[in-house]
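# Tertiary structure, described
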Amino acid sequence: MIVNKLPRSIESGSFSTRFLYSTILIHQVITAIAFPVAKLGLNEIEPYTYAFLRFIISSAIYAPILFHLRKRKLIPIRDHFRIFLLGLIIIPLNQVIYLVGQSLTLASHSGLLFAMVPIFIYLLAVIFLREKPTVRRSAGIIIAFSGVYIILSGGKIEYDTNYILGDLLVLMAVVAWAAATVMAKPLALKYGAFRVTGLALLYGSVLYLPYGFYRALSFDFGHVTWMGWFSVLYMAILVSILAYFLWYWLLKNMEASRLAIMQNIQPIIAAAVAAVTLAEPISRAFVIGGIIALAGVIITEIK
């Protein structure tokens, strides 16, 4: 009964601004922590096997819940095909490519590249969702991204040809995520964020299953520590299920471009978490960049 009622109660009605922003904060914390957690796991498990384990676990959790919800509003074949395409974008084109790219570059590079997500979503939302472009929102995106760049480039970004391939792959994943966000909004409005997220992940996982299984068969799991398994479980449950659902639920209740801008607070949270858990110092670049990034976000929200 809890499974049956939860998505319906969450996805109906209107919500206060405070509730929406609290949900955004939870989502940003989960995804900010995901960068270092994924890097730790990829140090022990090669990316294709890592992706296979992650999506097998998340699919095993999604499948019975979606089966329980199957009698809700019927999804026509045409929209099933759109959700299938969404799954293709999210799994092989976004997450698998991201994991491979992350294994070939630095976490700081990935953080900076993912800070470009709001720019791509804003442009795509204006083109395909017909969201109204404004000078204020455009300026806010530029200012917020500038702050993120200062945070992540304050003596830490290493420009090296060894990272070019990894950076390009991560950038492809960023564009894919932006496209998936814009594509998912009308589907989430029609069928609910949980069903769309779950079905897309299942479809994408099925596409990836044969190759992922092949890679997993030849991988030696004997040297994987508890940290490697924790990394997989974190990405499978907290990111692929909870964070994905929260993102598309928020997308259902907010403009895509407005939600995307909030992603610029993610590097600030990530740096703060690292300072607390890893005793990393808070640099001058972090303070200055954080103020600028938050100012950009605030500018976009001023009525």
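Report on the accompanying structure. (Residues numbered from 1 in each chain as written. Predicted model: local features only at pLDDT ≥ 70, side-chain atom pairs only at ≥ 80, totals over all residues. Heavy atoms only, no water.)

## A look at the packing of aromatic side chains
Keep this limit in mind: To pair, rings of Phe, Tyr and Trp, with the six-membered ring standing in for Trp, must have centres within 6.5 Å; the planes then decide the type, stacked if under 30 degrees apart, edge-to-face if over 60, and tilted in the middle. A run of H or I in DSSP counts as a helix once it spans at least four residues, and a run of E counts as a strand once it spans at least two, with each numbered from the N terminus. Only protein chains enter the area calculation, which uses a 1.4 Å probe; residues under 20% of their type maximum are buried, those over 50% are exposed, and those in between are partly exposed.
Applying the stated criterion across every chain, the model contains 14 aromatic pairs. Each ring, one from Phe-84 and one from Tyr-203, has its centre 6.0 Å from the other, and the planes form 55 degrees; the classification is tilted. You can see Phe-84 sitting in helix 4 (residues 77–104) and its partner Tyr-203 sitting in helix 9 (residues 193–217), a full 119 residues away along the chain. The exposure class of Tyr-203 is partly exposed, given its relative accessible area of 24%.

## What about helix 6 (residues 117–128)?
Rules: An expected span of 1.5 Å times one less than the residue number is assigned to each helix. The directions considered for the arc run from the helix axis to the C-beta atoms.
Given a rise of 1.5 Å per residue, 12 residues ought to cover 16 Å, and the 16 Å separating the end C-alpha atoms of helix 6 matches this to within 8%. Among the residues of helix 6, Val-117, Pro-118, Ile-121, Tyr-122 and Ala-125 are the ones counted as buried. Angular distribution of buried residues about the axis of helix 6 spans 125 degrees; they occupy a single face of the element. Just past helix 6, the residue Arg-130 takes up positive phi, approximately 55 degrees.

## Focus on the pattern of salt bridges
Condition: What counts as a salt bridge is simple: a side-chain nitrogen of Lys or Arg found within 4 Å of a carboxyl oxygen of Asp or Glu.
In this structure the tally under the stated criterion is 3 salt bridges. Close ionic contact of Glu-46 with Arg-215 constitutes a salt bridge, the shortest N to O distance being 3.1 Å. Of the two residues, Glu-46 sits in the loop between helix 2 (17–42) and helix 3 (47–68) while Arg-215 sits in helix 9, which places them 169 residues apart along the sequence. Relative accessible area serves as the criterion here: at 19%, Glu-46 is assigned to the buried category. On the accessibility criterion, Arg-215 (24% relative accessible area) is partly exposed. Arg-82 is the partner of Asp-79 in a salt bridge, and the nearest nitrogen-oxygen pair spans 3.1 Å. Remark: Arg-82 and Asp-79 occur in helix 4; sequence separation between them is 3 residues, near one turn of the helix. Judged by relative accessible area, Arg-82 falls into the partly exposed class, the value being 37%.

## Concerning the packing of helix 4 against helix 8 (residues 164–191)
Heads up, the rule is: A fitted line through C-alpha atoms represents every axis, and for helices the fit uses only the stretch in contact; the resulting angles, taken between N-to-C directions, go from 0 to 180 degrees. Under this scheme an angle from 65 to 115 degrees is roughly perpendicular, one under 35 degrees roughly parallel, and one over 145 degrees roughly antiparallel; angles in between are oblique. Two helices crossing with the near one rotated counterclockwise from the far one by less than a right angle form a left-handed crossing, whereas a clockwise rotation gives a right-handed crossing. Amino acid classes used here: Ala, Val, Leu, Ile, Met, Phe, Trp, Tyr, Cys and Pro are nonpolar; Asp, Glu, Lys and Arg are charged; the rest, including Gly, are polar.
In contact at an axis separation of 8 Å, helix 4 and helix 8 are set at 155 degrees when each is read in the N-to-C sense. The orientation of helix 4 relative to helix 8 falls into the category roughly antiparallel. Of the two possible hands of crossing, helix 4 and helix 8 adopt the one that is left-handed. The residue inventory of the contact of helix 4 with helix 8, partitioned by class, reads 22 nonpolar, 4 polar and 3 charged.

## Details of the nonpolar core
The criterion, for reference: Only buried residues count toward a nonpolar core. Its members are Ala, Val, Leu, Ile, Met, Phe, Trp, Tyr and Cys residues joined through side-chain atoms within 4.5 Å. Every residue pair with non-hydrogen atoms within 4.5 Å of one another is taken to be in contact.
Ranked by size, the top nonpolar core spans 75 residues in total, and within it Tyr-50, Leu-86, Ile-90, Ile-121 and Tyr-248 carry the most contacts. Beyond its immediate stretch of four places on either side in the chain, Tyr-248 contacts Ile-90, Trp-177, Ala-180, Thr-181, Ala-184, Ala-188, Ala-193 and Thr-197.

## Comments concerning the packing of helix 2 against helix 10 (residues 226–253)
Interaxial distance between helix 2 and helix 10 falls to 9 Å at its minimum, and their mutual angle equals 150 degrees. When the axes of helix 2 and helix 10 are compared, the pair comes out roughly antiparallel. In this structure, helix 2 meets helix 10 at a crossing whose hand is left-handed. In the contact of helix 2 with helix 10, the residues fall into 23 nonpolar, 7 polar and no charged.

## A look at the side chain of Thr-49
Keep this limit in mind: Nitrogen and oxygen atoms within 3.5 Å of one another constitute a polar contact, given that in protein one can donate a hydrogen and the other can accept it, and given that sequence-neighbouring residues count only through two side-chain atoms.
Topologically, Thr-49 is positioned in helix 3. Thr-49 gets classed as buried once you look at its relative accessible area, which sits at 0%. Side chain to side chain, Thr-49 and Glu-46 meet in a polar contact 2.4 Å long. The residues contacting Thr-49, other than those within four sequence positions of it, are Tyr-208, Arg-215, Ala-216, Phe-219 and Phe-221.

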